[in-house]
Amino acid sequence: MTITSKPELGIALIGHAFMGATHSHAWRTAPRAFDLPLEPRMTVVCGRDGEATAAAAERLGWEESSTDWREVLTRDDIDVVDICTPGHTHAEIAVAALEAGKHVLCEKPLANSIAEAEQMTLAAELAASRGVRAMVGFTYRRVPAIQLARQLVAEGRIGEIRHVRAQYLQDWLLDPEAPLSWRLDKKLAGSGALGDIGSHIVDLVQFITGEHLETVTGALRTFVTERPVQAASGGFTGRAGTERGPVTVDDAAVFLAELSGGGLGTFEATRFATGRKNAIRLEINGSRGALSFDFEDMNVLNVLDTGDDPHVQGFRRVVVTEPEHPYLTAWWPPGHGLGYDHGFVNQAADLVGAIASGQDPTPSFADALGIQRVLDAVERSSQDRRSWVSVPGARF
Ligand code: SOE
């Protein structure tokens, strides 16, 4: 039990698998790492299976468990609804939560279709006029090196952006016998590598550069079209049974993009990058400098400045662990790096800060709708196999 004089912020978590666990860790840790204006209270976790949800509450540190998220929305002691369920449920839960006056944190991608994302954005905008906040969990924005990259671009150190190379590389589907989890079912996940991890690199490029992807052309591919059905739910590598079922999403997505500032981007999102585990690789080449980042070395940002004397010019390896760097005063002494989980903690702290100060947090639902439009344009271009597709403006 927490003893605090700060006003409490009651949290309800919906979903308790991988993302639910990362968010639980974040709610538990944020008030210990940051001096937050409000005290998050891990009030209730919701899931479909009563026994599994009760066990998750115990394991992840929630006071109660429930199998009825609708009932949870009626409770006065709930201020924030944190949605960590598969994509096909996001719209229904988020819209209901916002209408019930609850702040919402929704995992990415925002929804499984443009129509759902538009409906959610509308609900978020109506809610904002009543002081209710909505944010999307594009967590990698909260990695200090990524924040530093954005800062350097905004300071003009990179100049005009000519090239963006963005890759999100995983290999957890390499084994053709890896189970058919919900992430491989279009009805539940909306798309495969494109939405699950491609959405992250679209968000990161737009976040760092401040530009938008305006036109895209791409190809999607499913390398393994049938897999053993997962026997137990949860996770994405869990036990498989003998029954087999079709993979209905892409295993890999590659696309080119024209950026709003006139630059060109190449994007690659795949679960078949043999040997790459969670490599988010970004390289940005500008008229005055360049940046490169790899999440597998997430405490480092490589920075090149063309203003350096030519005989010492080259990528400088900046170790982003110092108090001058974003978020770092909340964490360990200089030089002691952060990991995957810290992004989620920073994200929870940012949301609490926005709620307390009455500001709309970012990325907003409208930002995520813009990303959804990019994903949709890539999918249409891949189906058509001939054309570049314009991404309609994020506003509708
Ligand atoms: C699975 O590919 C996944 O868990 C994504 O869904 C997450 O957003 C990413 O953080 C790690 O990989």
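Residues numbered from 1 in each chain as written. Predicted model: local features only at pLDDT ≥ 70, side-chain atom pairs only at ≥ 80, totals over all residues.

If you look the chain up in an unreviewed UniProt entry, it shows as Dehydrogenase from Serinibacter arcticus.

**Digging into the pairing of strand E11 (residues 252–259)**
Where burial is concerned, most of E11 is hidden: 6 out of the 8 residues are buried. By the bridge criterion, 8 bridges tie strand E8 (residues 213–221) to E11 in an arrangement that is antiparallel. Residue pairing for E11: Leu 213 is matched across the bridge by Leu 259. Across 7 bridges, E11 lies against strand E12 (residues 264–270) in antiparallel orientation. Residue Glu 258 lies in a different strand from E12, and its bridge partner there is Leu 264. Hairpin remark: E11 followed by E12, antiparallel, with 4 residues in the connecting loop; positive phi at Gly 262, about 100 degrees. (Buried ≥ 20, exposed ≤ 12 C-beta atoms within 10 Å, placed from the backbone. Helix = DSSP H or I, 4+ residues; strand = E, 2+ residues; numbered from the N terminus. Pairing = 2+ DSSP bridges.)

**Quick look at the sheet that holds strand E6 (residues 134–137)**
Strand order in this open sheet of 6 strands is E3-E2-E1-E4-E5-E6, and the pairing throughout is parallel. Strands at the two margins of the open sheet, each flanked by one partner only, are strand E3 (64–66) and E6. Put simply, the sheet's adjacent strands are angled 25 degrees from each other on average, direction ignored. When strand E2 (residues 39–46) meets E3, the two strands line up parallel, connected through 3 bridges. Bridged to Val 45 within E3 is Ser 65. Where helix H1 (residues 18–33) meets the sheet, its contacts fall on strand E1 (8–14), E2, strand E4 (80–83) and strand E5 (103–107), and the angle it forms with E2 comes to roughly 155 degrees. (Axes fitted to C-alpha atoms, helices over the stretch in contact; angles between N-to-C directions. Contact = placed C-beta atoms within 7 Å.)

**Some words on the packing of helix H6 (residues 144–154) against helix H8 (residues 193–209)**
It is the contact of H6 with H8, at a shortest axis distance of 7 Å, that shows an interaxial angle of 40 degrees. Judged by the inter-axis angle, H6 sits oblique to H8. When H6 is examined against H8, the residues Ile 146, Ala 149, Arg 150 and Val 153 are found in contact with a partner set consisting of Leu 204, Phe 207, Ile 208 and Thr 209. Tallied by class, residues from the contact of H6 with H8 come to 6 nonpolar, 1 polar and 1 charged. (Parallel < 35°, antiparallel > 145°, perpendicular 65-115°, else oblique. Nonpolar A, V, L, I, M, F, W, Y, C, P; charged D, E, K, R; others polar.)

**As for the site of the ligand**
Lining the immediate surroundings of the ligand are Phe 18, Gln 170, Asp 196 and Ile 197. Class assignment of the residues belonging to the shell around the ligand gives a composition of 2 nonpolar, 1 polar and 1 charged. (Near = placed C-beta within 6 Å.)

**A closer look at unusual backbone geometry**
Omega for the peptide link from Lys 108 to Pro 109 comes to -15 degrees, which places this bond in the cis form. With respect to the helices and strands, the residue Pro 109 is situated in the loop between E5 and helix H5 (114–128). The omega angle of the peptide bond from Thr 362 to Pro 363 is 0 degrees, so this bond is cis rather than trans. A positive phi angle, near 70 degrees, is found at Tyr 327, a position not held by glycine. In this structure, Tyr 327 sits in the loop between strand E16 (316–319) and helix H9 (340–357). Even without being glycine, Arg 385 reaches a positive phi, approximately 65 degrees. What makes Arg 385 exposed here is the crowd of 8 C-beta atoms within 10 Å.

**Structural notes on the domain arrangement of the chain**
Taken as a whole, the chain is organised into domain 1 (8–139) and domain 2 (143–339 + 348–390). Taken together, the 36 residues of domain 1 in the interface contact 36 residues of domain 2. Looking at the side of domain 1 that touches domain 2, the elements with two or more residues in it are H1, E5, H5 and E6. With 7 residues, H5 is the single largest residue contributor to the side of domain 1 that touches domain 2. (Domains from an automatic or database assignment.)

**Considering the packing of helix H4 (residues 90–99) against H5**
It is the contact of H4 with H5, at a shortest axis distance of 9 Å, that shows an interaxial angle of 15 degrees. It follows from the interaxial angle that H4 and H5 lie roughly parallel. The two elements H4 and H5 meet at a crossing, and its hand is left-handed. Contacts between H4 and H5 pair Ala 91, Ala 94, Val 95, Leu 98 and Glu 99 from the former with Glu 116, Gln 119, Met 120, Ala 123, Ala 124 and Ala 127 from the latter. Classifying every residue of the contact of H4 with H5 by side-chain character gives 8 nonpolar, 1 polar and 2 charged. (Left-handed = near helix turned anticlockwise from the far one by under 90°.)

**Some thoughts on the sheet that holds strand E17 (residues 389–390)**
In any sheet, the strands associate via hydrogen bonds between backbone groups, in a parallel or an antiparallel arrangement. Across the sheet, 9 strands lie side by side as E16-E15-E14-E13-E7-E12-E11-E8-E17; this open sheet has mixed pairing. Of all the strands in the sheet, just E16 and E17 have a single pairing partner and so form its edges. Relative to E8, helix H10 (residues 365–384) is tilted by about 55 degrees, and along the sheet it contacts E8, E11 and E17.

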